[in-house]
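Descriptive structure summary
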Amino acid sequence: MAIPSQTIEQIAAANDIVEVIGSYFPLKRAGANFKALCPFHQEKTPSLHVSPQRQTFHCFGCGVGGSVFRFVMDYEHIDFPSAVRKLAARVGIPVIEERGPSDAEDRQHEARRTLLQLHGETAGWFHENLIRKEFGEPARKYLKKRGITAEIAKRWRLGYAPDEWDAFGSWARGHGYEMQTLIASGLIKTKEDAAGTPGQRSYDRFRDRIMFPICNDVGEVIAFSGRVLKEKEGAAKYLNSPETPLFRKGSVLFGLDKTKRAVIEVNCAIVCEGQLDLISLFEAGITNVVAPQGTAFTETQARMLKRLVDEVVLCFDSDAAGTHAAERSLDALLQNDLIVRVAEIPAGDDPDSLIRREGKEEFEKRIAAARDFFDYWIEHEVAEVDLASLGAKMQLARSLAETVSRVHDPLMRGEVASKVSARLGVPVQDFQALFPKQSRSSGIRSDQSRSGATVPPRHDVAMLCLVALRDEAARDFLREQNWREILAQVPAAEILVGILESNLRPSDAASLNAFMATLSPADEGLVSSWLLQKVPPNAGTMVEEWWFGIRQGVLHRQLEVAKNRIRLPQLSTGEQVNLQKEILDLLKELRELPKLSSATRIDS
């Protein structure tokens with residue numbers, strides 16, 4: 001599926017880039033443009049420029065730039081379709097995606113849309129039960145006791161699932177949802193799901209539970225987590241939706257749709273276990289917080305965080321389950337080179353009880369004092385082993401070496417190895433010798449050596465790009481030439497080819513935004529810098545001179561190749577005749593080119 005280019009243009013036209021960026025941080029007028037400190041790198045002097053005329057931004061410090069879509073993508077850490085939908089929602093434009101001819105694809109799209117609608121409406125029904133229904137009073141009392149006011153419950157769309165077998169199912173069927181959809185959503189279970197339920201063919205998955213909607217990055221409800229209200233034998237304290245076409249438990253972080261901005265700004269994510277922990281911290285003013293859908297991090301969740309931050313602080317409960325959850329999270333976090341610290345939570349407490357008792361400032365002190373994970377982990381592991389026993393010490397050393405070897409960053413791995421070896425009382429070389437062989441290399445992954453930089457075009461090509469983007473007559477002139485044939489022989493001219501192939505309109509800012517949305521981030525940065533430059537007053541003359549200069553260079557190179565080939569031995573008579581004709585044609589083309597100024601003459 002794809003979003004039509006006309007829709008992208010319409011959304012770009014309706015979202016003024018100055019207003020959009022100004023909603024994130026203040027902009028100051030600087031002549032015809034606006035300036036600000038760039039949020040994408042550390043700086044003291046503003047180098048981010050925003051052009052209301054061109055509807056683009058560009059930082060002359062770090063090179064990032066582009067359309068309003070690029071800004072939202074980079075600032076919010078979301079993909080292009082999400083940025084389009086976010087900006088569309090801002091101005092009330094519906095986004096209807098184009099779908100392929102496949103009936104199966106149509107059905108899949110429609111099923112997803114229906115599931116999203118069902119989850120959104122179900123969240124509203126659960127919330128109504130909590131706020132207004134008489135049977136929701138016990139849930140309201142419980143939440144009030146936990147410091148959750150009606151306002152907070154509304155902000156997080158908390159709800160209540162009645163203690164009935166078919167309350168939700170009856171409501172959903174009454175609102176036109178088919179049983180197949182309800183089962184696919186995971187909100188309804190069938191007898192086959194859990195044998196032994198007396199007299200039930202289908203029944204509500206969530207009963208007598210406080211309901212927490214689980215949202216994706218853009219705030220759409222995709223699943224639920226229900227906390228039991230009354231402790232019942234055999235009943236799980238928390239019950240999540242099963243995996244569905246909308247929901248993959250290991251791919252979602254609870255609360256991230258609300259906390260992402262703070263997480264990015266602080267460059268640190270506080271990780272707690274439960275939904276109530278997260279809500280209590282957030283409402284107390286500690287907003288850079290997330291919670292996994294379970295107790296330990298998955299590789300996908302760690303990778304999501306790595307795109308946003310460099311550091312995480314684990315704030316799990318102080319009980320044995322919390323300690324084990326922290327340890328189980330280690331692998332995924334290490335594989336993504338995240339700095340990991342562990343906050344000390346007193347025995348018998350959790351983040352929710354702690355923030356309510358001690359307040360924000362004291363909790364922040366605990367976060368600031370959080371120990372490096374390896375200090376915490378080494379102490380915990382060593383404390384359980386008799387180091388006087390050589391066998392026990394070596395067994396522990398091998399276990400620790402296997403874990404330390406999974407630290408990808410070689411400097412960090414060396415520091416941790418030094419800490420562990422010192423604590424065990426063994427030489428660091430002996431400890432490192434216990435690393436698995438495949439982990440004794442530098443530890444630099446293949447994806448770390450890749451460069452995201454693009455090769456910038458040479459000056460003459462860049463000048464043609466500039467005028468083709470800014471001047472309608474210059475663009476028309478270039479499109480009338482045999483530009484495909486010529487540019488195919490010019491290094492790093494792909495971006496100019498893209499400009500000439502597109503249907504962009506230089507005088508239309510929305511059209512430029514839509515074109516930039518098709519580029520790589522590096523190319524978009526180049527285009528945004530060209531759009532902020534002044535067009536020379538003699539653009540018409542200049543574009544012809546630069547174009548003929550490029551043609552001259554290409555013809556000279558072709559002529560040199562032909563002259564070298566005709567000198568080759570063992571050429572047939574036909575080949576010699578063809579090469580002679582090619583040389584004569586190239587010389588004629590060179591003579592017919594307009595005489596170039598010294599500024600644009602290209603050496604062969």
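Residues numbered from 1 in each chain as written. Predicted model: local features only at pLDDT ≥ 70, side-chain atom pairs only at ≥ 80, totals over all residues. Heavy atoms only, no water.

Comments concerning the overall build of the protein chain
Heads up, the condition is: Here a strand is any run of E in DSSP of at least two residues, a helix any run of H or I of at least four, and the numbering for each starts at the N terminus. Each residue is assigned to one of three classes by its accessible area relative to the maximum for its type, calculated with a 1.4 Å probe on protein chains only: buried under 20%, partly exposed between the two thresholds, exposed over 50%. Contacts are assigned to residue pairs that have any heavy atoms within 4.5 Å of one another. The Shrake-Rupley method, run with a 1.4 Å probe, gives the accessible areas here. Residue values count only the displayed protein chains as cover.
Along its length, the protein chain carries 27 helices and 17 strands. Within the protein chain, the proportion of its 604 residues that are buried is 49%. Counting only contacts in the protein chain whose residues sit at least 6 apart along the sequence, the fraction spanning at least 24 positions is 67%. Accessible surface computed for the protein chain: about 29800 Å², of which carbon and sulfur atoms make up 50%.

Topic: the sheet that holds strand S14 (residues 289-292)
The test is simple: One bridge is not enough; two strands pair if DSSP finds at least two bridges between them.
Taken in spatial order, the 6 strands line up as S12-S14-S13-S15-S16-S17 in an open sheet, and their pairing is mixed. Of all strands in the sheet, those with a lone pairing partner are strand S12 (253-254) and strand S17 (371-372), marking the two edges. As judged from the 2 bridges shared by strand S16 (residues 339-342) and S17, these two strands associate in the antiparallel manner. Bridged to Val 342 within S17 is Arg 371.

Re the sheet that holds strand S10 (residues 221-228)
Heads up, the condition is: Where helices are involved, their axes are fitted lines through C-alpha atoms of the stretch in contact, as for all axes, and angles between N-to-C directions lie from 0 to 180°.
Taken in spatial order, the 4 strands line up as S6-S9-S10-S11 in an open sheet, and their pairing is antiparallel. Edge strands, defined here as strands with exactly one partner in the open sheet, are strand S6 (159-161) and strand S11 (238-240). Each strand of the sheet is rotated relative to its neighbour by a mean of 35 degrees, with strand direction disregarded. Here S6 pairs with strand S9 (residues 209-215) via 3 bridges, running antiparallel. Looking at S9, one finds that Gly 159 is bridged to Met 211.

Considerations on the packing of helix H20 (residues 459-470) against helix H26 (residues 539-566)
Threshold: For any helix crossing, the convention is left-handed if the near helix is rotated counterclockwise from the far helix by under a right angle, and right-handed if that rotation is clockwise.
As a packed pair, H20 and H26 sit with axes 10 Å apart at the nearest point and diverge in direction by 140 degrees. The element H20 and its partner H26 pack so that their crossing is left-handed. Contacts from His 459, Asp 460, Val 461, Met 463, Leu 464 and Val 467 of H20 reach H26 at Ala 539, Met 542, Val 543, Trp 546, Trp 547 and Ile 550.

Structural notes on the environment of Asp 16
With respect to the secondary-structure elements, Asp 16 resides in the loop between helix H1 (5-14) and helix H2 (17-22). For Asp 16 and Gln 53, which are 37 residues apart along the polypeptide, the C-alpha to C-alpha distance reads 9.8 Å.

Concerning unusual backbone geometry
Despite not being glycine, Gln 55 has its phi angle at roughly 60 degrees, a positive value. Along the polypeptide, Gln 55 turns up in the loop between strand S3 (48-51) and strand S4 (56-59). Overall, the relative accessible area of 10% leaves Gln 55 in the buried class. Positive phi, normally seen in glycine, also occurs at Arg 157, with a value near 55 degrees. Position of Arg 157 relative to the elements: it lies in the loop between helix H7 (150-155) and S6. Since its relative accessible area comes to 33%, Arg 157 is described here as partly exposed.

A short note on the nonpolar core
To be explicit about the condition: We call a set of buried Ala, Val, Leu, Ile, Met, Phe, Trp, Tyr and Cys residues a nonpolar core when their side-chain atoms join them within 4.5 Å.
Counting residues in hydrophobic clusters, the biggest one holds 46 residues, and the most contacted among them are Leu 464, Leu 469, Leu 478, Leu 487, Val 527, Trp 530 and Trp 547. Where this core is concerned, the elements lending two or more residues are H20, helix H21 (472-479), helix H22 (483-487), helix H23 (494-501), helix H24 (509-516), helix H25 (521-531), H26 and helix H27 (573-592). Tallying contributions element by element places H26 first for this core, with 11 residues. Among all residues touching Leu 487, those that are not within four sequence positions of it are Ala 493, Leu 496, Val 497, Leu 500 and Trp 547. Counting 42 residues, the second-largest nonpolar core is a separate cluster that includes Leu 130, Leu 276, Ala 291 and Ile 367.

Section: the pattern of salt bridges
Spelled out, the test is: A pair is scored as a salt bridge if a Lys or Arg side-chain nitrogen falls within 4 Å of a carboxyl oxygen belonging to Asp or Glu.
In this structure the tally under the stated criterion is 30 salt bridges. Glu 524 is paired through a salt bridge with Arg 70; the nearest N and O atoms lie 2.9 Å apart. Placement of the pair is Glu 524 in helix H25 and Arg 70 in helix H3 (residues 68-76), with a sequence separation of 454 residues. Grouping residues by exposure puts Glu 524 and Arg 70 together as buried. Close ionic contact of Asp 508 with Arg 505 constitutes a salt bridge, the shortest N to O distance being 2.7 Å. According to the relative accessible area criterion, Asp 508 is partly exposed, its value standing at 24%. With relative accessibility at 34%, the residue Arg 505 sits in the partly exposed group. The network of salt bridges with common partners includes Asp 349, Arg 357, Glu 358 and Arg 366.

Quick word on the packing of aromatic side chains
In this description, an aromatic ring pair is defined by two values, namely the gap between the centres and the angle between the planes. Condition: Classification of ring pairs rests on two measures: the distance between centres of Phe, Tyr or Trp rings, Trp counted by its six-membered ring, which must be within 6.5 Å, and the angle between planes, read as stacked under 30 degrees, edge-to-face over 60 and tilted in between.
Considering all chains together, one arrives at 23 aromatic pairs under this definition. On the basis of an interplanar angle of 70 degrees and a centroid distance of 5.6 Å, the ring pair of Phe 69 and Phe 80 is categorised as edge-to-face. Taken as a pair, Phe 69 in helix H3 and Phe 80 in helix H4 (residues 80-91) lie far apart in primary sequence, 11 residues in all. The same class applies to Phe 69 as to Phe 80, namely buried. Here the aromatic rings of Trp 125 and Phe 168 are separated by 5.9 Å at their centres, their planes lie at 55 degrees, and the arrangement is tilted. Here Phe 168 lies in helix H8 (residues 167-174) and Trp 125 lies in helix H5 (residues 103-132), a separation of 43 residues in the sequence.

Describing the pairing of S16
Note: strand S15 (residues 311-314) against S16, 4 bridges, orientation parallel. When the sheet's bridge partners are listed, Val 312 is paired in S16 with Val 340.

Description of the pairing of S15
Looking along a regular strand, one sees the side chains alternate between the two faces of the sheet. Burial along S15 is two-sided: the face carrying Glu 311 and Val 313 and the face carrying Val 312 and Leu 314 are both buried. By the bridge criterion, 4 bridges tie strand S13 (residues 268-271) to S15 in an arrangement that is parallel. Counterpart to Ile 270 in the pairing with S15 is Val 313.

Some points on the environment of Leu 130
Along the chain, Leu 130 falls in helix H5. Sequence spacing of Leu 130 and Leu 158 is 28 residues, and the spatial spacing of their C-alpha atoms is 7.6 Å.

Overview of the environment of Cys 465
Tracing the sequence through the fold places Cys 465 in helix H20. What makes Cys 465 buried here is its relative accessible area of 0%.

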